[in-house]
Amino acid sequence: MENALGTNWKTEFLSFNFKPIASASIGQVHQAYSDAGDNLAVKVQYPGVRKSIDRDVDNVGTLLKVVGLIPESVDYKVLLEEAKKQLHNEADYAREAHFAIRYHDALKDHPHFVVPKIHTESSSDAVLAMEFIDGSP
C-alpha cells in the first residue's frame, strides 16, 4: 500500500479491514470506508506481480516445451507473447480504472446494469478502490 499510495495511505480511509474479503492470483480485495463514509472494495495487487509476468510466462513455456506438451510444429512463442500482453493488461489497475469509469458513465442511466464507481483518489496502478456493491454468489 505504501508503494502504491504513499506512506500516508491510511489517511485516505476512515477505516480499512486488513483481512481480505476475496483473493485471486495477482491480488486481494479489502473492505474499507473512505473519509466521506463511502463503503469501498479495495483491490490490492501483490508486490512484484507485474515484474514477474514475463519471467513466469517464459518459465511455463520452457516447462511445457521440455516435458513435450507442445508439439514441435506449434509456434508457441507467439502464444506466450499474447499471454504476457494480456497479463500485463490484467495487472494494470490504472487501465482497469479508466475503463470502469467509462463503463460507469455509459451505463449509469440504465437500471439493468450496475458498475461500481471508481474512487480515483484512493487508487493507483496497483491499488483500485471502488464502490462496494453487495452481490450474490
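The structure contained in this document is the topic of the report that follows.

Basis of the calculations
Residues numbered from 1 in each chain as written. Predicted model: local features only at pLDDT ≥ 70, side-chain atom pairs only at ≥ 80, totals over all residues. Heavy atoms only, no water. Helix = DSSP H or I, 4+ residues; strand = E, 2+ residues; numbered from the N terminus. Rg over C-alpha atoms; globule rule 2.2 N^0.38 Å. Buried < 20%, exposed > 50% of the residue type's maximum accessible area, 1.4 Å probe, protein only. Contact = heavy atoms within 4.5 Å. Areas by Shrake-Rupley, 256 points an atom, 1.4 Å probe, with all protein chains shown as cover. Lys, Arg positive; Asp, Glu negative; His and termini not counted. Charge placed at Lys NZ, Arg CZ, Asp CG, Glu CD. Core = buried A, V, L, I, M, F, W, Y, C linked by side-chain atoms within 4.5 Å. Phe/Tyr/Trp six-rings, centres within 6.5 Å; stacked < 30°, edge-to-face > 60°. Polar contact = N/O pair within 3.5 Å; in protein donor to acceptor, adjacent residues only side chain to side chain. Expected span 1.5 Å × (residues − 1). Bend = angle between axes of the 7 residues up to and from the residue.

**Here we look at the overall build of the chain**
Helix and strand counts for the chain stand at four helices and five strands. Along its sequence from the N terminus, the chain presents helices and strands in the succession α-β-β-β-β-α-α-α-β. The globule rule puts the C-alpha radius of gyration for 137 residues at 14 Å, and the 18 Å found for the chain is more than 25% above it. Structurally, the chain occupies a C-alpha span of about 60 × 40 × 25 Å along its principal axes. Here the chain holds 137 residues, and the buried ones make up 28% of them. Within the chain, contacts between residues separated by at least 24 positions form 43% of all contacts whose residues are at least 6 apart in sequence. Of the roughly 9300 Å² of accessible surface on the chain, a fraction of 54% belongs to carbon and sulfur atoms. Within the chain, the 20 negative side-chain charges are centred at a point lying 4 Å from the centre of the 14 positive side-chain charges.

**Comments concerning the nonpolar core**
One finds I26, I118, L128 and M130 to be the most contacted residues of the largest nonpolar core, which totals 16 residues. Of all the secondary-structure elements, those providing two or more residues to this core are α2 (49–66), α3 (76–90), α4 (93–107) and β5 (127–131). Setting aside anything within four residues of it in sequence, one finds I118 in contact with A97, A100, I101, S123, L128, A129 and M130.

**A look at the packing of aromatic side chains**
Scanning the entire structure with this criterion turns up five aromatic pairs. Between W9 and F18 the ring centres are 6.0 Å apart and the planes differ by 75°, which places this aromatic pair in the edge-to-face class. We classify F18 as exposed; its relative accessible area is 53%. Taken together, the aromatic side chains of W9, F13, F16 and F18 make up a single cluster linked through ring pairs.

**A few points about the side chain of S122**
Looking at the element boundaries, S122 is found in the loop between α4 and β5. Overall, the relative accessible area of 1% leaves S122 in the buried class. Once you skip the residues sitting within four places of it in the chain, S122 turns out to touch L5, E12, F13, V127 and A129.

**Comments concerning the side chain of Q45**
Mapped onto the elements, Q45 comes out in strand β4 (residues 39–45). Accessibility expressed as a relative area gives 9% for Q45, which makes it buried. A distance of 2.7 Å separates the side chain of Q45 from the backbone oxygen of A91, its partner in a polar contact. Every residue in contact with Q45, bar those within four places of it in the chain, is listed here: I26, G27, R50, A91, Y93, D125 and A126.

**A look at α2**
A rise of 1.5 Å per residue sets the reference length of α2, with its 18 residues, at 26 Å; its end C-alpha atoms lie 25 Å apart and thus fit the reference within 8%. Roughly 30° is the biggest bend found in α2, and it falls at R55. Three or more residues of α2 are buried, namely V49, S52, I53, V57 and G61. Looking at the packing, one finds that the buried side of α2 touches β4 and α3.

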